[in-house]
Amino acid sequence: MIMSTTDSQQQHMVLDGDDVGFTSGETVLQVAEREGKKIPTLCNDPRLEPFGGCRLCVVEVEGIANPVASCTTKAEPGMVVHTKTEPIEAYRKLLLELLVSENREVDVDALRGYASQEFASLVDRYGARTGRFVGSKSGSSRLDDDNPFILRDYDLCISCYRCVRVCAEQEGDYAISVMNRGFGTQITTEFNGLLNDSACTFCGQCVQTCPTGALADKKALKAAELPGAIHKTRTTCAYCGVGCSVDILTKGETMVGIHPAMDGPANLGALCVKGQFAFDFVQHEERLQTPLVRGEDGELHETDWDTALDRAAAGFKRAVDTYGRHSVYAVASGRAPSEAAYIMQKFVRAGWGINNIDNCSRA
Amino acid sequence: MPCAGRCDEPIPVIRGDQVLIGTDANDLESRPSPVPSPNPQGREECVFRHIREPDRSTIEGYRRTGGYDGLTLAVSELNPAQVIDIVRDSGLAGRGGAGFPTGVKWQAVADASGAPKTIVCNADEGEPGCFKDRAIMDHDPHAVIEGMALAAYATGAPRGFIYLRYEYPETLGTLQRAIKEAEEAGLLGERILGSAFDFTVVVRRGAGAYICGEEGSLLNSLEGRHPFPRNRPPFPVTHGYEDRPTVVNNVETLASVPHIVRRGADWYRALGLNDLAGTKVISLSGDVKRPGNYEVPLGLPLSTLLYDWAGGTGSSRSVQAVTMAGVSGGFLAGEDLDVTLDEPSIRAKGSFLGAGGIMVFDDTRDMVEIAHFAMEFFAEESCGKCFPCRIGTERLTERLAGTAGPTNLTAWLDEVNDIGRTMKAISACGLGMAAPLITESLLRYFPERVAQHVAHQARD
Ligand SMILES: Cc1cc2nc3c(=O)[nH]c(=O)nc-3n(C[C@H](O)[C@H](O)[C@H](O)COP(=O)(O)O)c2cc1C
Ligand code: SF4
Ligand code: SF4
Ligand code: FES
């Protein structure tokens, strides 16, 4: 069973009594999850560096006195691991009881964010609503932050630092930081200010990784009172050519929010502010449904596409006839895919015979 | 008020770059930290061997009694492996808390691939009741520098840091002056003593966090990162400062090395009693007639130190309890005071000697109140990385203060024991693992007092 350590392909360990294979470099948690073990975690986001803070993922390793965090421990050949012993399950339950005791509430609206139900579902799984360990509460909400996107309801924060780490590791923005220490730990921004004054780009990644809903999607929460279950529809974000996968959240016929698709091949859970939050134009009452052209009266009037395109072509032609071909200039939309952008520059170069072509993407 | 590491003085106050001592705000004086007194039994010492000699903190004073002879010997006559052999054979183990064998640590760094390697002297001395590193650095700074240089020679490290706790402003000046003297004498810098060995030392100040004494946090702090402890493995010997092989050693550990290299492994081993190797500096404070730093042979009975060396409580009162490892080892009391000063003896009682801080409490002291102070310290200093310690230290503090928690004794004990057991088993670093030793030992030695406390909690 114990294999040579130099064989990086086919290594073996024993997991809850079963011989399992792994590749060198994998963590015990990764191996266990692949084997279908339901090890509880709260500080883990598979996209981030293992952190080892919540300690829920601890497992027993034979030959090591104390349990180890499976998320930070690399699988080793010959390792004998127990993921669910009685003492381990007791530690996990106790941690969850402690967490319940420090928070204002456990149950939150699923509209708060992608991972917002993680904490409550673990609390239920372990029957941790025992009312033990009563004491002071940690974290204080920043309801004074009136940015339109991100609710900072730190009364619910459990200091897992996923928001801090996703902002640093995934986004490279370092907008979120940690103030104080121990029980006084407070998630904050530079100089304890508002998100708007920080390096935040409002990509919403912190919201989507937060396991308690302490960071929440303000726009989605507007639909909290709307009746009906949340329905998810997988699609591709229409904003630019990257093609990020998203799940559109709807209640009945109403679009209420967006979740990034963690398995989206182009984005692996990432989104930008537009894809994440700027969805309300879709069902906005002022959204244009047909083209408009200006009439003799100087007002805009609804029309059909043929009429509108003829008017545009006539306008360009008049400009070129009057001022020469260099008087026109085209800017392709960043929302157009590469193919459309290609057609656009072709039209400008071959059709107008000029090189005045640009794209609005300046990211 | 931050801790000035002067537990042996009445009331220390830090003002600007000075530590002032006194009992009245209008009558404060700047006093150098006390030179350790010689022990009354005339026991042979290692670290304090020459510390009382005049001008010891200057390079001339240091050289007068063989200072830098160890480094000279190593650079001119020994190869790095031989230096490591001497340190390993001496049985020297870490004096900063964990007691890891120093020679084994150096060997691991010497063997590790990756460069440049680094020597870090852990001078954060944050443990309540520990003020030994301060005495060593204030009065024998060159011993620390020579110890670092020997570690550097042995492991092939060209750079070193002294991570000094913020609250030792005068010590900073002393170290910087000593480093300059050593550089001018060609004992630090390039081509040390005319050899091919280069080594520079820089002092970095901490910012007032106990957790920065934990080696992973210390390294993160040195690198300018948030000082959460690092996940282990990997250990600093392979992935330390800037993820490169690094020795992290305590001040006392490093200050022992020059004596060991000069006098040999057998000499050091023989300093201990009962087959134990070497000596340990104990910082003794609290209800004791002669507080201060004492270098004891490992294996010395605690009672010999308390009564014969330090004069007992100095009153008609008896010793009710002592802390171990500063406060990290919890309390010893009753028959368990009958230990010898060494890890095997003290660990058998569920505690540990650690960095060697011992606080004495006579029978007038309220042990629940003292336990509360100690737990409040851990709660204040918990870094907040891991759940069991971040919340556990707070809940234990509240229960010891009587401000929250059950009023029924059985329920109270269940909560306190359950939290303690969990913290000990699965906290992410030594702080959270050690903190519950306070409640564990309190419950062991003072159950009646605890019952009384639980019954009489003042609660709105
Ligand atoms: C919370 C905590 C605080 C610590 N503080 C110190 C300290 O102030 N000084 C120190 O030398 N070691 C301290 N240590 C121990 C260090 O992590 C490390 O083991 C030590 O510096 C290694 O040196 P040594 O082998 O020479 O003892 C601390 C450990 C923990 C867990
Ligand atoms: S706000 Fe959410 S993600 Fe951030 S630390 Fe708190 S619980 Fe974790
Ligand atoms: S045990 Fe305490 S000090 Fe150590 S990592 Fe956990 S929270 Fe931080
Ligand atoms: S998931 Fe491993 S410690 Fe949180």
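1. Regarding the confidence of the model for chain B
Parts of the model with low pLDDT should not have their predicted coordinates read in detail.
Working step 1: Of the residues in chain B, 99% reach a pLDDT of 70 or more, and the chain-wide mean stands at 96.
Working step 2: With pTM at 0.94, the complex prediction returns an ipTM value of 0.94.

2. A short note on the nonpolar core
Working step 1: If you look at the biggest cluster of nonpolar residues, it comprises 125 residues, and the most contacted ones within it are Leu-42 and Leu-96 of chain A together with Leu-305 and Val-322 of chain B.
Working step 2: Sequence-distant contacts of Val-322 of chain B, that is, excluding residues within four places in its chain, are made with Leu-302, Leu-306, Gly-330, Phe-331, Leu-332, Leu-337, Ile-358, Met-359 and Val-360 of chain B.
Working step 3: In terms of nonpolar packing, the next biggest core, distinct from the first, is built from 62 residues, Leu-164, Ala-182, Leu-188 and Val-203 of chain B among them.

3. What about the domain arrangement of chain B?
All names here are of chain B.
Working step 1: Each assigned domain of chain B is listed with its residue range as follows: domain 1 (2-26 + 271-365), domain 2 (59-269) and domain 3 (368-459).
Working step 2: Here the C-alpha centre of domain 2 lies 25 Å away from the C-alpha centre of domain 1.
Working step 3: Counting from both sides, the interface comprises 38 residues of domain 1 and, opposite them, 25 residues of domain 2.
Working step 4: With both chains or domains summed, domain 1 and domain 2 bury close to 2300 Å², and 55% of this area falls on carbon and sulfur atoms.
Working step 5: Among the residues of domain 1 in contact with domain 2, Leu-271, Ala-277 and Ala-355 are the three that bury the most area, contributing 21% of the side total.
Working step 6: The interface formed by domain 1 and domain 2 contains one salt bridge.
Working step 7: With a shortest N-O distance of 2.7 Å, Glu-252 and Lys-280 are connected by a salt bridge.
Working step 8: Connecting domain 1 to domain 2 are 16 residue pairs in polar contact (both at pLDDT 80 or more).

4. Concerning the site of ligand 1
All names here are of chain B.
Working step 1: The local shell around ligand 1 holds 19 residues, among which Gly-96, Lys-105, Asn-249, Asn-250 and Thr-253 are the closest.
Working step 2: Within the side chain of Lys-105, an N or O atom sits 2.9 Å from an oxygen atom of ligand 1.
Working step 3: In this structure, a nitrogen atom belonging to ligand 1 sits 3.3 Å away from a main-chain N or O atom of Gly-213.
Working step 4: Calculation on ligand 1 without its partners gives an accessible area of 600 Å², and the protein chains cover 90% of this total.
Working step 5: Breaking the shell around ligand 1 down by element, the ones donating at least two residues are strand S7 (246-250) and helix H17 (430-434).
Working step 6: Looking at the shell around ligand 1 element by element, the count peaks at three residues for S7.
Working step 7: Among the residues forming the shell around ligand 1, the class breakdown is four nonpolar, nine polar and six charged.

5. Section: the interface of chain A and chain B
Frequently, the measure chosen for interface size is the accessible area removed from exposure when the parts meet.
Working step 1: Facing the 33 residues of chain A at the interface are 36 residues of chain B.
Working step 2: Summed over both partners, the interface of chain A with chain B buries about 2800 Å², with 58% contributed by carbon and sulfur atoms.
Working step 3: Taken as a group, Tyr-91, Arg-181 and Phe-183 of chain A account for 23% of the area that chain A buries against chain B, more than any other trio of residues on that side.
Working step 4: Counting the contacts that link chain A with chain B gives four salt bridges.
Working step 5: In this structure, Arg-181 of chain A engages Glu-380 of chain B in a salt bridge whose closest nitrogen and oxygen atoms are separated by 3.7 Å.
Working step 6: Our count for the contact surface shared by chain A and chain B stands at 19 residue pairs in polar contact (both at pLDDT 80 or more).
Working step 7: With seven residues, the top contributor of residues to the side of chain A that touches chain B is helix H2 (residues 86-102) of chain A.
Working step 8: Split into classes, the residues belonging to the side of chain A that touches chain B amount to 18 nonpolar, 11 polar and four charged.

6. Things to note about the packing of aromatic side chains
Each aromatic ring pair is described using two quantities: the centre-to-centre distance and the angle formed by the ring planes.
Working step 1: This structure, assessed with the given rule, holds 18 aromatic pairs over all chains.
Working step 2: Both rings, one in Phe-197 of chain B and one in Phe-199 of chain B, keep their centres 6.4 Å apart while their planes meet at 10°; by these two values the pair is stacked.
Working step 3: Its relative accessible area of 0% is what places Phe-199 of chain B among the buried residues.
Working step 4: Feature note: the residues Phe-51 and Tyr-161 of chain A together with Phe-228 of chain B constitute an aromatic cluster, connected by ring pairs.
Working step 5: The ring centre of Trp-267 of chain B lies 5.3 Å from the NZ or CZ of Arg-263 of chain B, which sits over that ring.

Rules behind the numbers
Residues numbered from 1 in each chain as written. Chains lettered and ligands numbered in written order. Predicted model: local features only at pLDDT ≥ 70, side-chain atom pairs only at ≥ 80, totals over all residues. Heavy atoms only, no water. pLDDT = per-residue confidence, 0-100. Core = buried A, V, L, I, M, F, W, Y, C linked by side-chain atoms within 4.5 Å. Buried < 20%, exposed > 50% of the residue type's maximum accessible area, 1.4 Å probe, protein only. Contact = heavy atoms within 4.5 Å. Domains from an automatic or database assignment. Buried area = accessible area lost by both parts, 1.4 Å probe. Salt bridge = Lys/Arg side-chain N within 4 Å of Asp/Glu carboxyl O. Polar contact = N/O pair within 3.5 Å; in protein donor to acceptor, adjacent residues only side chain to side chain. Near = heavy atom within 4 Å. Areas by Shrake-Rupley, 256 points an atom, 1.4 Å probe, with all protein chains shown as cover. Helix = DSSP H or I, 4+ residues; strand = E, 2+ residues; numbered from the N terminus. Nonpolar A, V, L, I, M, F, W, Y, C, P; charged D, E, K, R; others polar. Phe/Tyr/Trp six-rings, centres within 6.5 Å; stacked < 30°, edge-to-face > 60°. Lys NZ or Arg CZ within 6 Å of the ring centre and 35° of its normal.

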